[in-house]
4 protein chains.
Amino acid sequence: MIIQLNQDISNTQKAALMDQINHMGYKVTEVKTQVGDYLIGIGKAAIDIRKIGLLNGIQDIHIVSDEYKLVSKKWKVKPTRIDLGDGIGIEDGEMAIITGPCSIESEEQIAKVIGHMKENQISLMRGGVFKPRSSPYAFRGLGMEGLKIWYQQAREAGIKIVTEVMQVSQIEEMHDYIDVFQVGARNTQNFNLLDELGKVDKAVMIKRGISGTIEELLQSAEYVFSGGNEKLILCERGIRTYEKASRNTLDLNAVPILKAKSHLPVVVDPSHGIGIREFVPQMALAGVMAGADGIIYESHENPDKAYSDGQQTLNFAQSALLADQIRKTFALRKTFDLL
Amino acid sequence: MIIQLNQDISNTQKAALMDQINHMGYKVTEVKTQVGDYLIGIGKAAIDIRKIGLLNGIQDIHIVSDEYKLVSKKWKVKPTRIDLGDGIGIEDGEMAIITGPCSIESEEQIAKVIGHMKENQISLMRGGVFKPRSSPYAFRGLGMEGLKIWYQQAREAGIKIVTEVMQVSQIEEMHDYIDVFQVGARNTQNFNLLDELGKVDKAVMIKRGISGTIEELLQSAEYVFSGGNEKLILCERGIRTYEKASRNTLDLNAVPILKAKSHLPVVVDPSHGIGIREFVPQMALAGVMAGADGIIYESHENPDKAYSDGQQTLNFAQSALLADQIRKTFALRKTFDLL
Amino acid sequence: MIIQLNQDISNTQKAALMDQINHMGYKVTEVKTQVGDYLIGIGKAAIDIRKIGLLNGIQDIHIVSDEYKLVSKKWKVKPTRIDLGDGIGIEDGEMAIITGPCSIESEEQIAKVIGHMKENQISLMRGGVFKPRSSPYAFRGLGMEGLKIWYQQAREAGIKIVTEVMQVSQIEEMHDYIDVFQVGARNTQNFNLLDELGKVDKAVMIKRGISGTIEELLQSAEYVFSGGNEKLILCERGIRTYEKASRNTLDLNAVPILKAKSHLPVVVDPSHGIGIREFVPQMALAGVMAGADGIIYESHENPDKAYSDGQQTLNFAQSALLADQIRKTFALRKTFDLL
Amino acid sequence: MIIQLNQDISNTQKAALMDQINHMGYKVTEVKTQVGDYLIGIGKAAIDIRKIGLLNGIQDIHIVSDEYKLVSKKWKVKPTRIDLGDGIGIEDGEMAIITGPCSIESEEQIAKVIGHMKENQISLMRGGVFKPRSSPYAFRGLGMEGLKIWYQQAREAGIKIVTEVMQVSQIEEMHDYIDVFQVGARNTQNFNLLDELGKVDKAVMIKRGISGTIEELLQSAEYVFSGGNEKLILCERGIRTYEKASRNTLDLNAVPILKAKSHLPVVVDPSHGIGIREFVPQMALAGVMAGADGIIYESHENPDKAYSDGQQTLNFAQSALLADQIRKTFALRKTFDLL
């Protein structure tokens, strides 16, 4: 149960309301975000919502039986737009293109990527400065130093930064230099990280876990939302299966299912989803047709010399072609009557 | 190693050649199909193919290191066209649309589906008369009686029949009433069935196993090809994973990978691939963009009354819309420079 | 719903009974096995079983809500003993040891295995004469010729034969030379094969599918049972997962779950379950502790020279040691109060 | 490549050595643990280790080609004993029993569990005070307050504490109140947490990831080891597969494989591994036979009233019986000649 409160509800009214819901056998949690004020009731008792609806201070009330509540489309039918400023955003009905290298490597590399992006009217740049690596001996990214160099160039070019945050202690230091915090596939259920990201006023893109379910991805988003941050983006990036001919199994089924269950925008990552450079474009376009609101893919001036993930990274010529194809495919999709 | 033989090779020459390859440490199998005559050499010894190439009776020779040989693109770069007669076929560069009910139910039902197909210029019809069911107490299809009724109507309408064969003993009785034998996901590794299908002159569409690998699908196709039948179609229909929000996980990664590895056409089944009616169109179109040569989906006049699989079956209005969208999406894809 | 009929029920009584159950909204199937006569009612209507229970000709009646019925423990609490003659059997409360090579290779090889078995009081021998192989170019077994040689030696030695049947047409020719028909992991859902095995009076051991569920294994057993054959053994042999450090993932969880759901005996195959010779013994003993009624493992005089599966096959010294350890572990388990 | 350094190596010698290895084309990382001083060389160049071996300051040198190095058995053949003080430890050749509730609930509850443990000579207690929960609205544990109460009772009773640490910031506050830090299945690849745990002088038990590979588990252990902490325990707790009849699929194959690859002790968690109370004992005993060095299972005075995981928790009578059976099974295993 989600109860949307009025802005002007008094503390006395709120306390009385919580008390009443408790008496109905529901556990109540108050959620205050940058946008609204909600009471979440968890329970199984049959309830007559008209009784609550008549109380003062309540804007609306919704029964949501899913484990996730605030990210559900059952109470908020209208899709959520993630506004990143300067007219840039991620939302249903538009097609966000996010590209850039796996790892941020140098000032020069950043300049080249940004040049490529500007030429192709791409305004969202991805790149890792903190890299989760399965081996402790592998390159772990340039860290804050790299981020600051990147930030300066991106700001000058009017480009937004999407980059992974790996732990709570990085949130504060990264905060002023990024536009979208990315939660990586190994951290989808790092609940402390999600809790803390609930407290910031920056957008958060949550990748589906290495073998996470669709339900778990939505619950992870619920963590951030219930922590206070409604600016959420979901990302399908492939799951782990028995099939080893591709790096992961891109689960495009997840796209229409997530879009039907949640009001949050959904982005597809074909680079990790298939892991094979020459097939990234097909999977990107398949993602567009499956209903994605954005595509995030890896590009590099010289993929074979990239510090990481070169085998799934496009060069600039391929990337330019793909960006154009994504736009044309999306334009066609918009003429269709799809859910 | 694949050795393509000349039509006019004499038996003596052939025997001498096989002897020679044996001496090189290779096990030789002769394969005679409706199209050609091949020797398949299995072995690991280093070999100087020029030595063999100089022999009489040989058209060409190819080193193919994959486990599958004759279905590989490494020897036959040109995609294979499956000709079903009357100008109907399945091939790279075209878009086959195959639709129809899960189960053939009645004369009336067939007539309605065919009417719908004619209106929408669809000429390949799917439907089951022998139904594999996990419970022995479930409806198992109308059998040969149903097939004969279907055949008569289909022939009159100029429509081709794609239907599942479940066991060796059915091949002969079905043979004259079908255009494409379908091997179901539970029979992908029914090697005896594959062996026997190698002996017929009808096209065979092999569905990927319930949790089959891409490699296994190609090896199953190799069975039929090495049995003598080159008219093969591969079908991605979703795999079994831990994710239960969809019936299967449609693995569209398999499409470009199969197309790169094999010269055989690849068809996508979004109905089984996601198993949820309202999302079948998106996944069909995603399949087109992933590079499919055909889409096979379930349709029925009244899906909610279908004997089986109603939850993933489109009604005729939805099907008409989808066929149009598939064609438009394919037309756009053809303008792209994709692998 | 399972209705056990009396032996002396008249056809008129039976017809009346079936009619009555039909009227209750249930679809009725009659099942006649070598042991009993049953009516299986499939439906969802609420039913007062006392009403039926009062009718003549009925021995007992049971509500079984699972998809599988006759293999369920809900109607037959007492475990089923599979009697193979000469005092040899597979059953709850005993520990069957089944060993032998992956493939039957020669008269000599058989003699050596049998010698080893006699020395170690093992009376059930496994071995393949029809081999399912993913490549059409691989060794496919010695066929009927091999089976006949094996049969002669086994009969003389008082040893029972467990071997795989791959297709319907083999059932009749194999019938007189085997004791247990094995259905391989690729044929667990070959429903035609299961149907036909329901008509024979030999025991059938069904291996769990490559990625079959526990539920599907039970439903496959239901096929054979409802075809008329109650002599069934279930076999856990590992499932396909993302983990590639072992050949399969031996799912020992399946053992207590199958034993709780069904009255049929359960055998564990550690050879395919892990696929690594030096770890087969540990997994065999783990299987015993998990509750298996038998262990089936591969042995060969010289595993490194075996035609197939050598990497997971024990030599005779290892096999002798393991048989002893299995017996000691089982003896300990019997002293425990386990389900 | 692992180079074990002598205690008395001078900084000059060490610098020269690192320089030399760099020149051979290897990237060198120095690792200092509480026990030893190592140089880890990562590279692929062929190398003559005798050349390095002759240098001063080197105790030993080992080629380890696996991705993980210091946790490998290839350089340290002797199994590692984890000493927890007071004669309590976890090691190859012994059988550690770890039990306790899923969540620490109250002072009373702790007292009851400890009473049960003392009666049954169990000296390692598990329990959660920080609980990772997929829903943000679920009970998240008593936190530090609960841990302090637990600690006091455990110390008095001579019982050691095993409990989950979820984030870096908890390490310091928990440090003085625990004996073993547990890394949960959702944090197996939380590399920052692993890095920090490398700096503490307490034992760390790492659970295999929700769908982690055996290789990834070893690499996660390598993180902690290379951070400086050699006191590591590995835990198999079931993996995510398509099978839903059990909570997870307990992968006992992992036990002998991990024991063969690493010198670290391996513990099995049958409670999460199967998730069904009545089958926990069988799976625990199967784990013992598979080669585990310890079993960790959940127990509670009244499982049906437990705050979490009650469905997989044993009551005290069941736990007492199981502890006895584990010991007897282990005693039998010790008489066997297993790897």
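Residues numbered from 1 in each chain as written. Chains lettered and ligands numbered in written order. Predicted model: local features only at pLDDT ≥ 70, side-chain atom pairs only at ≥ 80, totals over all residues. Heavy atoms only, no water.

**Re the UniProt feature "domain: DAHP synthetase I/KDSA" (unreviewed entry) in chain A**
Okay, so step 1: The UniProt entry lists residues 91-329 of chain A under the feature "domain: DAHP synthetase I/KDSA" (unreviewed entry), expressed in the numbering used here.
Okay, so step 2: The distance from the first to the last C-alpha atom of residues 91-329 of chain A is 17 Å, and the span holds 40% helix and 15% strand. (UniProt positions renumbered as here; feature names shortened; annotations may be inferred. Helix = DSSP H or I, 4+ residues; strand = E, 2+ residues; numbered from the N terminus.)

**Digging into helix α8 (residues 254-261) of chain C**
Okay, so step 1: Among the 8 residues of α8(C), 6 are classified as buried, and the element is accordingly described as predominantly covered.
Okay, so step 2: Buried within α8(C) are the following residues: Ala254(C), Val255(C), Pro256(C), Ile257(C), Leu258(C) and Lys259(C). (Buried < 20%, exposed > 50% of the residue type's maximum accessible area, 1.4 Å probe, protein only.)

**Some thoughts on the relation of the copies chain C and chain D**
Okay, so step 1: Superposition of chain C onto chain D requires a rotation of 180 degrees combined with a translation of 0.0 Å along the rotation axis, giving an RMSD of 0.0 Å. Such a combination of rotation and displacement between the chain copies is what one expects of a two-fold axis. For chain C, the smallest separation between a C-alpha atom and the rotation axis is recorded for Ala286(C), amounting to 2.0 Å. (Least-squares fit on C-alpha atoms with pLDDT ≥ 70 in both.)

**Some words on the side chain of Gln282(D)**
Okay, so step 1: Within the secondary structure, Gln282(D) sits in helix α10 (residues 280-290).
Okay, so step 2: Contact partners of Gln282(D), with chain neighbours within four places excluded, come to Pro256(C), Met289(C), Ala290(C), Leu338(C) and Leu339(C). (Contact = heavy atoms within 4.5 Å.)

**Here's the deal with the pairing of strand β1 (residues 2-5) of chain C**
Residue and element names in this part refer to chain C.
Okay, so step 1: What you see with β1 is no split at all: Ile2 and Gln4 on one side and Ile3 and Leu5 on the other are buried throughout.
Okay, so step 2: Here 3 bridges tie β1 to strand β3 (residues 37-42), and the two strands are oriented antiparallel to one another. Counterpart to isoleucine 3 in the pairing with β3 is leucine 39.
Okay, so step 3: Two elements, β1 and strand β4 (residues 58-62), share 4 bridges in a ladder whose sense is antiparallel. Its bridge partner being in β4, isoleucine 3 is matched across the sheet by isoleucine 61. (Pairing = 2+ DSSP bridges.)

**Overview of the pattern of salt bridges**
Okay, so step 1: Across all of its chains, the model carries 88 salt bridges over all chains by this definition.
Okay, so step 2: Two residues, Arg81(A) and Glu91(A), come together in a salt bridge whose shortest N-O distance is 2.7 Å. With Arg81(A) in the loop between β4 (58-62) and β5 (82-83) and Glu91(A) in the loop between β6 (89-90) and β7 (96-100), this residue pair connects regions lying 10 residues apart in the sequence.
Okay, so step 3: Overall, the relative accessible area of 35% leaves Arg81(A) in the partly exposed class.
Okay, so step 4: One salt bridge in this structure joins Arg155(C) and Asp179(C), with 2.8 Å as the shortest N-O distance. Of this pair, Arg155(C) sits in helix α4 (residues 143-157) while Asp179(C) sits in the loop between α5 (168-175) and β10 (180-183); the two residues are 24 residues apart in sequence, bridging distant segments of the chain. (Salt bridge = Lys/Arg side-chain N within 4 Å of Asp/Glu carboxyl O.)

**Side note on the environment of Trp75(C)**
Residue and element names in this part refer to chain C.
Okay, so step 1: On the secondary structure map, tryptophan 75 appears in the loop between β4 and β5 (82-83).
Okay, so step 2: The class for tryptophan 75 is buried, based on a relative accessible area of 9%.
Okay, so step 3: Tryptophan 75 sits 188 residues away from histidine 263 along the chain, and the two C-alpha atoms are 9.1 Å apart.
Okay, so step 4: Not counting residues within four places of it along the chain, the set of residues in contact with tryptophan 75 comprises Ile2, Gln4, Tyr38, His62, Val64, Lys69, Leu70, Phe225 and His263.
Okay, so step 5: At a separation of 2.8 Å, a polar atom in the side chain of tryptophan 75 contacts the main-chain carbonyl oxygen of leucine 70. (Polar contact = N/O pair within 3.5 Å; in protein donor to acceptor, adjacent residues only side chain to side chain.)

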